[in-house]
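Here is how the chains run, residue by residue.
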Amino acid sequence: SLHDALPILTAALGLAATGDCSYAPAARILVKQIEANAKSYLYQNKELNQARAANMAITVKALGLNPKKFAGYNLVSLVTTGLPKDGRVGPATSAFSQSLGIIAMSRGKADLPIQTLTSLLALQVSTGDDKGAFGYEYPAGTLNADPDSTGMALLALKAVGHLDPQQDAALAWAKGVQQSDGSWPNDYSPVDTTGVLGSAVNALGGTAEAAKAIDWLGTQQLSDGGFPASRDGDDSNVMATANAIWLLAKKTPLDASLNLAKCPKNPTPLPA
């Protein structure tokens, strides 16, 4: 169903981050579900959502599949199909969505519209305590700093290259708001945010901050191996667990890779 498509994509990307063929059987099942849900996910209320196309393209590429020929769609071209003049990716003004678009185009080796990049850069906070952070507009004209968006924007800037001032400012903000226990603040799901931003900080050279964040993840992992959405929670959550894997595996949506075609049909089974 449409409701389940995002956790399926997130779980598949988490498995891809392991680079381990032991997880190929589970990933292959998820691929079939992504294919079956592709149309309803991409065409939200019958309108193409370019950010969702980007999210799917990144996951498909990470699994060694062709995002230009998946479930009857060229996902890479859909990222830039019908973009408004300002290059906004998706229905909302969000650095997270803009970054997904840029990462998808980078991994798909597509030309990046300059407006898409300038729209991302316009969502970086330029003054005040949150200087350097990226975020989203809500309400219109009001820019809210956001750790998840900053993490994805760091990866987008890394993909584009030659944007050291913006990248350095975002990295400085991210390091500055890391909590003393190693986590990053998020009232809804701190494990998600710590996985997303921590893996990006690590990819940009913040290995000490990443190590501290991994130590904190160790305090949150539950007996079944999963991670909770809420701080010190009792129930494992698919999205939180998948995003934690990014940091634990020291991979990101920019370089997560599990080539299913190179995995045997019956790989080494997972530990009991």
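Only a predicted model underlies this, so the values are computations on that prediction, with no experimental measurement involved.

(A) Geometry of the overall build of the protein chain. Counting secondary structure elements, the protein chain contains 11 helices and 4 strands. Against the globule reference of 19 Å for 272 residues, the protein chain gives a C-alpha radius of gyration of 18 Å, in line with a compact fold. With the C-alpha coordinates aligned to their principal axes, the bounding extent of the protein chain is approximately 55 × 45 × 35 Å. Classification of the 272 residues of the protein chain by burial places 49% in the buried group. Considering only contacts within the protein chain whose residues lie at least 6 apart along the sequence, 65% involve residues at least 24 apart.

(B) View of the nonpolar core. Formed by 75 residues in total, the largest nonpolar core has its most connected members in Leu-42, Met-56, Leu-75 and Leu-154. Take this core: its biggest share by element is 9 residues, from helix 1 (residues 2-18). Those residues in contact with Leu-154 that lie beyond four places of it in its chain are Gln-167, Ala-170, Leu-171, Leu-197, Ala-200, Val-201 and Leu-204.

(C) Structural detail: the pattern of salt bridges. By the definition in use, this model includes 1 salt bridge. A salt bridge links Arg-231 to Asp-181, with the shortest nitrogen-to-oxygen separation between them at 3.0 Å. Within this pair, whereas Arg-231 is found in the loop between helix 10 (207-220) and helix 11 (238-249), its partner Asp-181 is found in the loop between helix 8 (164-177) and helix 9 (190-203), the two being separated by 50 residues in sequence.

(D) Seen up close, the packing of helix 3 (residues 50-62) against helix 5 (residues 95-107). Running from N to C, helix 3 and helix 5 cross one another at 40 degrees; their axes reach a closest spacing of 8 Å. Taken together, the axes of helix 3 and helix 5 lie oblique to each other. In terms of crossing hand, the pair formed by helix 3 and helix 5 is left-handed. Facing helix 3, whose interface residues are Ala-51, Ala-54, Asn-55, Ala-57, Ile-58, Lys-61 and Ala-62, helix 5 presents Ser-97, Leu-100, Gly-101, Ile-103, Ala-104 and Arg-107. Among the residues making up the contact of helix 3 with helix 5, the classes are represented as 8 nonpolar, 3 polar and 2 charged.

(E) Seen up close, the environment of Leu-217. Along the polypeptide, Leu-217 turns up in helix 10. Under the relative-accessibility criterion, Leu-217 is labelled buried at 1%. Sequence separation between Leu-217 and Phe-227 is 10 residues; the distance between their C-alpha atoms is 8.2 Å. Setting aside residues up to four positions removed in sequence, Leu-217 forms contacts with Val-191, Phe-227, Ala-244, Leu-247 and Leu-248.

(F) Fine view of unusual backbone geometry. A cis amide bond, omega -10 degrees, links Tyr-138 with the succeeding residue Pro-139. Of note in the backbone geometry, Ala-71 takes a positive phi value of approximately 55 degrees without being a glycine. With respect to the element layout, Ala-71 can be found in the loop between helix 3 and helix 4 (75-79). On the accessibility criterion, Ala-71 (33% relative accessible area) is partly exposed. Positive phi outside glycine occurs at Lys-109, with the angle close to 55 degrees. Within the fold, Lys-109 resides in the loop between helix 5 and helix 6 (114-121).

What counts and how
Residues numbered from 1 in each chain as written. Predicted model: local features only at pLDDT ≥ 70, side-chain atom pairs only at ≥ 80, totals over all residues. Heavy atoms only, no water. Helix = DSSP H or I, 4+ residues; strand = E, 2+ residues; numbered from the N terminus. Rg over C-alpha atoms; globule rule 2.2 N^0.38 Å. Buried < 20%, exposed > 50% of the residue type's maximum accessible area, 1.4 Å probe, protein only. Contact = heavy atoms within 4.5 Å. Core = buried A, V, L, I, M, F, W, Y, C linked by side-chain atoms within 4.5 Å. Salt bridge = Lys/Arg side-chain N within 4 Å of Asp/Glu carboxyl O. Axes fitted to C-alpha atoms, helices over the stretch in contact; angles between N-to-C directions. Parallel < 35°, antiparallel > 145°, perpendicular 65-115°, else oblique. Left-handed = near helix turned anticlockwise from the far one by under 90°. Nonpolar A, V, L, I, M, F, W, Y, C, P; charged D, E, K, R; others polar.

Everything listed is a geometric property; what it means functionally is a separate question.
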